[in-house]
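Working through the structure, step by step
In case you want the letters, here they are:
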Amino acid sequence: MYAGGEVKTPPAVHHTGGMHGMEQAPPVVLLQGVQKSFPLDHSHDLQVLDIVHLALPVGGYTVLKGPSGSGKTTLLNLIAGIALPNSGHIQVNGTDITILPEPQRDRFRAAQIGYIFQTFNLLAPFTALENVLLAMRFAGAVPKRAHRQRATDLLSRLGLSTRLSHRPAQLSRGEQQRVAMARALANDPPVLLADEPCASLDAATAQVVLMALHAICREKNMTVLIVAHDTAGLEGADQVLDMRDINRATGRLNGVEPS
Ligand SMILES: Nc1ncnc2c1ncn2[C@@H]1O[C@H](COP(=O)(O)OP(=O)(O)O)[C@@H](O)[C@H]1O
Ligand SMILES: [Mg+2]
């Protein structure tokens, strides 16, 4: 492997090549014929999503772009099983989440999906450490005796070792975002969804936060779908998807196509 040259210390990652060599593995996230609309009034629906096919390969780092209102958050909510499509099927790690009863869907999400919300959604009365611990307790995916050490390690890795006992209001936005990341990563989910995680951060902070996220995801071979508004965070992505290409409803939403 290292023939023909000085043997260097291998990088501390299990997998750096994105999807290379993994083309045969079934996709971790698979959407087929997914439609989602919201009722506008008694007789009209707003169709937001019409996605014929979307597959996220194992360990792939996918960036999702698209104008405001093009359905990015709705798509993430469907993949997370927070909302259900009107028709179509969504498989996550081989499980069709659209047919799971709600309590099972909640448990499935807790263990399988890390979700970094645009607005962080941290629990205000709890410290940074407690926010991460609570996510682990709910999912039950990590042995209980390992919780505290694991939460502390994750927060420290994200530069928060001196902020463990701060509550969200005592943290900067960049720090809050990193707590939300640690919480999303706490259960080692195979799938990580991030909704414009840097929208409210300055460019320098955004860069640091995204690099930390990227490194951890590569290390764990996580399948990542990250919504990004501009080019920040696009470097190193395996694929960039645009809602205008994958969602047939986008043109209709924006009035580009006659309905
Ligand atoms: N719960 C809802 N009820 C009605 N309309 C909604 C709801 N959620 C989203 N929408 C509409 O769906 C469209 C897509 O929203 P969203 O997925 O948040 O887009 P994006 O994240 O790309 O900005 C928007 O026009 C929005 O107003
Ligand atoms: Mg959104």
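In this report, the structure presented in the accompanying data block is examined.

Rules used in this analysis
- Residues numbered from 1 in each chain as written.
- Chains lettered and ligands numbered in written order.
- Predicted model: local features only at pLDDT ≥ 70, side-chain atom pairs only at ≥ 80, totals over all residues.
- Near = placed C-beta within 6 Å.
- Helix = DSSP H or I, 4+ residues; strand = E, 2+ residues; numbered from the N terminus.
- Nonpolar A, V, L, I, M, F, W, Y, C, P; charged D, E, K, R; others polar.
- Pairing = 2+ DSSP bridges.
- Axes fitted to C-alpha atoms, helices over the stretch in contact; angles between N-to-C directions.
- Buried ≥ 20, exposed ≤ 12 C-beta atoms within 10 Å, placed from the backbone.
- Contact = placed C-beta atoms within 7 Å.
- Core = buried A, V, L, I, M, F, W, Y, C linked by C-beta atoms within 7 Å.
- Parallel < 35°, antiparallel > 145°, perpendicular 65-115°, else oblique.
- Left-handed = near helix turned anticlockwise from the far one by under 90°.
- Expected span 1.5 Å × (residues − 1).

With that settled, consider the site of ligand 1. Near ligand 1 the following residues occur: Phe38, Leu46, Val48, Gly66, Ser68, Gly69, Ser70, Gly71, Lys72, Thr73 and Thr74. Contributing elements (two or more residues each) for the shell around ligand 1: β2 (45–56) and α1 (72–79). For the shell around ligand 1, the residue count by class is three nonpolar, seven polar and one charged.

Here we have five strands laid out as an open sheet, ordered β6-β7-β8-β3-β9, and parallel in their pairing. Edge strands, defined here as strands with exactly one partner in the open sheet, are β6 (113–116) and β9 (239–242). Going from strand to strand, the sheet's axes swing by 15° on average, the running direction of each strand aside. Where β6 and strand β7 (residues 191–195) come together, four bridges link them in parallel fashion. Within β7, the residue paired with Gly114 across the bridge is Leu192.

Moving on, we get to the environment of Lys72. Looking at where Lys72 falls in the secondary structure, it is placed in helix α1. Judged by the 24 C-beta atoms lying within 10 Å of it, Lys72 falls in the buried class. When near neighbours in sequence (up to four residues on either side) are disregarded, Lys72 contacts Leu64, Gly66, Val227 and Met243.

Moving on: the sheet that holds strand β4 (residues 87–92). Sheet architecture is open: four strands sit in the order β2-β1-β4-β5, paired in antiparallel fashion. Of all strands in the sheet, those with a lone pairing partner are β2 and β5 (95–96), marking the two edges. Running at roughly 120° to strand β1 (residues 29–39), α1 makes contact with β1, β2 and β4 of the sheet.

Side chains of nonpolar character tend, in soluble globular proteins, to be buried together. Within the largest apolar cluster, 65 residues are counted, with the highest numbers of intra-cluster contacts made by Ile79, Val132, Leu155, Ala182 and Leu193. Not counting the four nearest positions on each side in its chain, Leu155 is found in contact with Ala128, Leu129, Val132, Leu160, Ser161, Leu164 and Ala182.

Here helix α3 (residues 128–139) crosses helix α4 (residues 147–157) at 125°, and the two axes come no closer than 9 Å. In terms of axis orientation, α3 runs oblique to α4. Handedness of the crossing formed by α3 with α4: right-handed. Of α4, the residues touching α3 (which contributes Ala128, Leu129, Val132, Leu133 and Met136) are His147, Arg148, Ala151, Thr152, Leu154 and Leu155. Along the lines of polarity and charge, the residues of the contact of α3 with α4 split into eight nonpolar, two polar and one charged.

Interaxial distance between α3 and helix α5 (residues 173–185) falls to 8 Å at its minimum, and their mutual angle equals 25°. As far as their axial angle goes, α5 and α3 are roughly parallel. Crossing hand, α3 versus α5: right-handed. Along the contact surface, α3 presents Ala128, Asn131, Val132 and Ala135, while α5 presents Val179, Ala182 and Arg183. Here the residues of the contact of α3 with α5 are counted per class, giving five nonpolar, one polar and one charged.

The end-to-end C-alpha distance of α5, which contains 13 residues, comes to 18 Å, matching closely the 18 Å that a straight helix rising 1.5 Å per residue would cover. Buried within α5 are the following residues: Glu175, Gln176, Gln177, Arg178, Val179, Ala180, Met181, Ala182, Arg183, Ala184 and Leu185. Where α5 is buried, its residues meet β6, α3, α4, β7 and α6 (203–220).

Bringing the environment of Gly71 into the picture now. Within the element layout of this structure, Gly71 appears in the loop between β3 (61–65) and α1. Along the primary structure Gly71 and Met243 are separated by 172 residues, whereas in three dimensions their C-alpha atoms are 7.6 Å apart. Every residue in contact with Gly71, bar those within four places of it in the chain, is listed here: Val48, Leu49, Met243, Asn247, Ala249 and Thr250.

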